[in-house]
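# Working through the structure, step by step
The lines below spell out each chain.
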Amino acid sequence: MIIALASGLNCGADYTCRNDTDDTYRVTWRTNCTTGLGQQSSTWVGPHQTEVLRPSCPSYYKPGFTDDFSEWITGSPRSVEYLSAVVDNDPASYRRMSTGSAG
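Right, let's walk through the structure included here. (Residues numbered from 1 in each chain as written. Predicted model: local features only at pLDDT ≥ 70, side-chain atom pairs only at ≥ 80, totals over all residues. Heavy atoms only, no water.)

## Brief notes about the sheet that holds strand 9 (residues 77-87)
Across the sheet, which stays open at both edges, the three strands sit in the order 5-4-9 with antiparallel pairing between neighbours. Unpaired on one side and paired on the other, strand 5 (38-45) and strand 9 mark the two borders of the sheet. Neighbouring strand axes in the sheet, compared pairwise and without regard to direction, differ in orientation by 25° on average. With nine bridges joining them, strand 4 (residues 25-33) and strand 9 adopt antiparallel strand pairing. The residue of strand 9 that forms the bridge with Cys33 is Pro77. (Pairing = 2+ DSSP bridges. Helix = DSSP H or I, 4+ residues; strand = E, 2+ residues; numbered from the N terminus. Axes fitted to C-alpha atoms, helices over the stretch in contact; angles between N-to-C directions.)

So, in structure tokens, the structure goes:
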């Protein structure tokens, strides 16, 4: 399934976004995880480029009756939900944020 977030910007269920415009877009998206938790991220998609999203899921602590039965549960990405796309041609903002996780 392909979603048109803006004219010339298409993102899909395969975790990719393709930008066919002359602008850079900041795409905000949320990972839906098998644990029910989620994580919001942003990815910049440059002019005439395709970016691959790298969804990740936060772990959560599942307490037990004793320390021996407690554990950290790690979820897996189930899907992504595209929240917004805005033109963001500020290269300084892109450089600061592109070094983070998943976008």
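From this point, things continue past the structure.
## Regarding the sheet that holds strand 6 (residues 49-52)
Ordered by their spatial adjacency, four strands build an open sheet running 1-2-3-6, and the pairing between neighbours is antiparallel. Every other strand in the sheet has two partners, leaving strand 1 (2-6) and strand 6 as the edge strands with one partner each. The sheet shows a mean angle of 20° between the axes of neighbouring strands, taken without regard to direction. Bridge count between strand 1 and strand 2 (residues 9-12): four bridges; the pairing is antiparallel. Within the sheet, the bridge partner assigned to Ile3 lies in strand 2 and is Cys11.

## Re the nonpolar core
Grouped together as the largest cluster of nonpolar side chains are eleven residues: Leu9, Cys11, Cys17, Tyr25, Val27, Trp29, Val45, Leu53, Val80, Tyr82 and Ala85. Among all residues touching Cys11, those that are not within four sequence positions of it are Met1, Ile2, Ile3, Leu5, Thr16, Cys17, Val27 and Tyr82. (Core = buried A, V, L, I, M, F, W, Y, C linked by side-chain atoms within 4.5 Å. Buried < 20%, exposed > 50% of the residue type's maximum accessible area, 1.4 Å probe, protein only. Contact = heavy atoms within 4.5 Å.)

## Quick look at the state of the cysteines
Here, the word disulfide means a covalent bond between the sulfur atoms of two cysteines. One pass over the full model with this rule turns up two disulfides. With a sulfur-sulfur separation of 2.1 Å, Cys11 is cross-linked through a disulfide to Cys17. Handedness here is read from the sign of the S-S torsion; for Cys11 and Cys17, about 115°, the answer is right-handed. The burial state of Cys11 is the same as that of Cys17; both residues are buried. There is a disulfide in this structure between Cys33 and Cys57, and the S-S distance comes to 2.1 Å. Residues Cys33 and Cys57 share a disulfide whose torsion about the S-S bond is about -100°; that sign makes it left-handed. (Disulfide = S-S within 2.5 Å.)

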